[in-house]
Amino acid sequence: MQVKRTIKIFSRVILVLLVLMALVVLGAQLMAKQSIADFLKTKLPPHVQLDYKDIDVNVLTGTAKLNTINLKIKASDSVKQGAAVEINALEVVGLGYWQFVINKKITLNNLNIDRPVLKYYLKEKETDTAKTKKDSIGLLKSIHIDRINVMDADVRLYKNKNDSVAMELDSVNIEIDEVTTDGDLINSKIPITYSGLKFKGKSLYADLGPYEALYVNEIDLNEGNLRIVDLKLKSKYNKTKLSWHLHKERDFIDLKIPKVSFENISFGYASNKYWVHTGTGMLDGPKLEMYRDKLLPDDTERKKLYSEAIRKLPIELDVPEIKVNNGSITYSERVNREATPGKIVFGDVNAKILQIQNVADKKEETSVEAKALLMNEAPITLNWSFDAKNKSDAFLASGTVKNFNSKNINPFLESNLRVRAKGEIQELYFTISGDAISSRGDMKMKYEDFEFSILKKDRLRINKLLTAIGKIFVNDGSNTDENGYRYGGIEAQRNPTKSFFNYLWLNVNDGLTSTIIGNGKNEKRKK
């Protein structure tokens, strides 16, 4: 009897304790829910407006969930809207009570953000000092989250002036592991540390200014390895309409790259500068079409050579290698209103670009090794190197052309230069050394039956008088050395309002003129 009575009393005590625990948990749940609601209602800054449908809280698992969220953030010093976010659900999982109470640290297992739609309105540029004063965040506790998951997000960036889209990206999924921040880190250039990052997005559009836009079908960044599918950089207008919108020369661009990849991407901030380092990059199957309307006024703005452009990047860049596979380049110019623009085509373009970098303590030079088929027929090569840290912008370039039948380029020559060529360049070699001001070099050629015919204005008939005068000065390739070569020198002055490739053409053109019209002798051998 005594045993039964003891069991009965013990059972009642257990039952009372369970009821008390249930009441405590229920009370804690209600208090936690109310505390979260009060915090969101009273503690948010006045320029932040938050609405939501309801809150679910489970204090036993340390879980809280807000459903159907609408968040609006105005610029802190303006009535203009800065950002708006609609979120289907935001869930906090695995709040660490012990860490919070004992170590004053907020720890979470997961932060899950389901189907957010972000609209952000770009502000005008501010000085770092002004931004620090207005936007500094006072974070009293450190935060650690095992994983942040963003699922099926859409992002829109708008220009403030007319609400036109500056950038949009759909179907964004993000996983960030071991995320940590604290009172000091939250106000730095990169406000968190993390151990792993995965990012996916589709249908990227970026407005690059009044005339160009960038499109990407798919982006996938997985632990530092980047894959881009169907990248397109295009003029916003067709060739004719672009000329209507321009007040000076500018290239029409249509660049398509089916696949871009980079290995081992890392980035950070140090010594008052962002840095980006990568492993090998790959551009597979790029196709570039460029067109310029030469009837428009010249663009007289100074152009940087590539060495200066890399040197003056606002970030530290270190890319050890980029490979270009199976590309093509097409270039055309409009030089008169009547004739159809002729084209120069480089097919089967393959290249290796090494050491694209501006790291202060690295001595390696940037170099390019490229080969292609001129007019899809004649093999050509280009080797080019420079030190981006050399402020004289010194460079060395060399190239070859072989087995080129000049009639293949006649559509371009006839349209642009009113010239028709005949004959074959069997071999052409050039070497150039120069800097941002001038360059020198030499050329040798083996060619035969080479001649130019100068056309009349209609580009259909030959101007016999000018052609006859030209033949007096042009050697047809018969006056050569014992190996069949003619030689020429190269001297050129750079026009700083033109690109590097214009500079390269000035050098090659001077070498061709010297080789074909000059005495054809190897002056170096004579010395």
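Reading the values: the criteria
Residues numbered from 1 in each chain as written. Predicted model: local features only at pLDDT ≥ 70, side-chain atom pairs only at ≥ 80, totals over all residues. Heavy atoms only, no water. Helix = DSSP H or I, 4+ residues; strand = E, 2+ residues; numbered from the N terminus. Buried < 20%, exposed > 50% of the residue type's maximum accessible area, 1.4 Å probe, protein only. Contact = heavy atoms within 4.5 Å. Areas by Shrake-Rupley, 256 points an atom, 1.4 Å probe, with all protein chains shown as cover. Pairing = 2+ DSSP bridges. Core = buried A, V, L, I, M, F, W, Y, C linked by side-chain atoms within 4.5 Å. Phe/Tyr/Trp six-rings, centres within 6.5 Å; stacked < 30°, edge-to-face > 60°. Lys NZ or Arg CZ within 6 Å of the ring centre and 35° of its normal. pLDDT = per-residue confidence, 0-100. Polar contact = N/O pair within 3.5 Å; in protein donor to acceptor, adjacent residues only side chain to side chain. Salt bridge = Lys/Arg side-chain N within 4 Å of Asp/Glu carboxyl O.

*Asks:* Please explain the overall build of the protein chain as it appears in this structure.
*Replies:* Within the protein chain one finds nine helices and 24 strands. Across the 527 residues in the protein chain, those meeting the buried criterion constitute 36%. Summarising the internal contacts of the protein chain: among those between residues at least 6 apart in sequence, 60% fall at separations of at least 24. Entry remark: accessible area of the protein chain is about 31300 Å², with carbon and sulfur atoms responsible for 57%.

*Asks:* Sorry, what's going on with unusual backbone geometry here?
*Replies:* Trans peptide bonds make up most of the peptide bonds, and negative phi angles are found at most residues other than glycine. Despite not being glycine, Thr-68 has its phi angle at roughly 50 degrees, a positive value. As for its position among the elements, Thr-68 is in strand 3 (residues 63-74). A residue is classified by how much of its surface remains accessible, and Thr-68, at 47% relative accessible area, is partly exposed. You will see that Gln-355, though not glycine, has its phi angle at about 55 degrees, which is positive. Looking at the secondary structure, you find Gln-355 in strand 18 (residues 343-357). For Gln-355, a relative accessible area of 17% puts it in the buried group.

*Asks:* Help me understand the pairing of strand 12 (residues 252-262), please; the structure alone is not making it clear to me.
*Replies:* If a strand is regular, its side chains alternate between the two faces of the sheet. Strand direction decides the pairing type here: strand 11 (residues 225-235) and strand 12, joined by eight bridges, are antiparallel. Bridging from a neighbouring strand, Leu-231 pairs with Ile-257 of strand 12. In the sheet, strand 12 pairs with strand 16 (residues 287-293) via five bridges, with the strands oriented antiparallel. The partner of Asp-254 across the bridge, within strand 16, is Glu-289. When strand 12 meets strand 15 (residues 281-284), the two strands line up antiparallel, connected through four bridges. Bridging from a neighbouring strand, Phe-262 pairs with Gly-281 of strand 15.

*Asks:* How do you make sense of the environment of Asp-154 when you look at a structure like this?
*Replies:* Within the fold, Asp-154 resides in strand 7 (residues 142-158). Those residues in contact with Asp-154 that lie beyond four places of it in its chain are Pro-116, Val-117, Leu-118, Leu-169, Asp-170 and Ser-171.

*Asks:* Any chance you could explain the nonpolar core here in plain terms?
*Replies:* Soluble globular proteins: nonpolar side chains tend toward being buried together. By size, the foremost hydrophobic cluster in this structure holds 75 residues, and its most contacted members are Trp-384, Phe-395, Phe-404, Leu-428, Phe-430 and Met-443. Setting aside anything within four residues of it in sequence, one finds Phe-430 in contact with Leu-382, Ala-397, Ser-398, Gly-399, Thr-400, Asp-442, Met-443, Ile-490, Leu-504 and Val-508. By size, the runner-up hydrophobic cluster in this structure holds six residues, among which are Leu-242, Leu-246, Phe-252 and Leu-296.

*Asks:* Would you mind showing me how to read the packing of aromatic side chains here?
*Replies:* The geometry of an aromatic ring pair is captured by two quantities: the separation of the ring centres and the angle between the planes. Counted under the stated rule, the structure contains 13 aromatic pairs. Seen in terms of ring centroids, Tyr-205 and Tyr-215 are 5.4 Å apart; in terms of plane orientation they differ by 55 degrees. Their pairing is tilted. Remark: Tyr-215 occurs in strand 10 (residues 212-222) and Tyr-205 occurs in strand 9 (residues 196-207); sequence separation between them is 10 residues. Looking at Tyr-205, the relative accessible area reads 18%, which means it is buried. Take Tyr-215: its relative accessible area is 36%, and that puts it in the partly exposed class. Ring geometry for Trp-384 against Phe-500: centres 4.3 Å apart, planes inclined by 5 degrees, an arrangement best described as stacked. In this pair, Trp-384 is assigned in strand 20 (residues 378-386) and Phe-500 in helix 8 (residues 500-517), connecting sequence segments 116 residues apart. Among the residues examined, Trp-384 registers a relative accessible area of 9% and is labelled buried. Phe-500 sits in the buried class, given a relative accessible area of 5%. In this structure, Lys-444 packs its charged tip against the face of Tyr-485, placed 4.3 Å from the ring centre. The cationic tip of Lys-446 hangs over the ring face of Tyr-485; the distance from NZ or CZ to the ring centre is 4.8 Å.

*Asks:* Before we go on, may I ask you to explain the side chain of Thr-278 in this structure?
*Replies:* Within the secondary structure layout, Thr-278 lies in the loop between strand 14 (273-277) and strand 15. Those residues within four positions of Thr-278 in sequence are excluded, and the remaining contacts are Phe-262, Glu-263, Asn-264, Ile-265, Asp-318, Val-319 and Pro-320.

*Asks:* For this particular structure, what's the right way to read the pairing of strand 19 (residues 366-374)?
*Replies:* Here strand 18 runs beside strand 19; their pairing, made up of seven bridges, is antiparallel. Its bridge partner being in strand 19, Phe-346 is matched across the sheet by Leu-374. Pairing of strand 19 with strand 20, which is carried by nine bridges, proceeds in the antiparallel orientation. Bridge pairing in strand 20 links Lys-371 to Thr-381. In sequence, strand 19 turns back onto strand 20 through a hairpin of three residues, with Met-375 there showing a positive phi of about 55 degrees.

*Asks:* How do you make sense of the confidence of the model for the protein chain when you look at a structure like this?
*Replies:* If pLDDT is low for a region, its predicted coordinates should not be looked at in detail. Per-residue confidence for the protein chain gives a mean pLDDT of 83, with 76% of residues at or over 70. Per-residue pLDDT stays below 50 along residues 129-133; that stretch engages in two contacts with residues further than four places along the chain or on separate chains. Counting interchain partners and residues more than four positions distant, the pLDDT-below-50 stretch residues 464-473 has eight contacts.

*Asks:* Hey, could you run me through the side chain of Thr-181 in this one?
*Replies:* The residue Thr-181 is located in strand 8 (residues 165-181) in this model. Assessed through its relative accessible area of 8%, Thr-181 is described here as buried. In terms of polar contacts, Thr-181 uses its side chain to reach the backbone carbonyl oxygen of Pro-191, at 2.7 Å.

*Asks:* Help me understand the pattern of salt bridges in this model?
*Replies:* Pairs may arise between side chains of opposite charge once their charged atoms sit close together. All told, the structure shown has 23 salt bridges when counted by the stated rule. Note that Asp-299 and Lys-248 form a salt bridge whose closest N and O atoms lie 3.4 Å from each other. One end of the pair, Asp-299, is in the loop between strand 16 and helix 5 (306-311); the other, Lys-248, is in the loop between helix 4 (239-245) and strand 12, and 51 residues separate them in sequence. One continuous salt-bridge network, built from bridges that share partners, spans Glu-249, Asp-251, Arg-292 and Lys-294.

*Asks:* Please explain the environment of Ala-206 as it appears in this structure.
*Replies:* Mapped onto the elements of the fold, Ala-206 is located in strand 9. Between the C-alpha atoms of Ala-206 and Ala-166, which are 40 residues apart in sequence, the distance is 5.9 Å. If sequence neighbours within four positions are ignored, Ala-206 has contacts with Ala-166, Met-167, Ala-213 and Leu-214.

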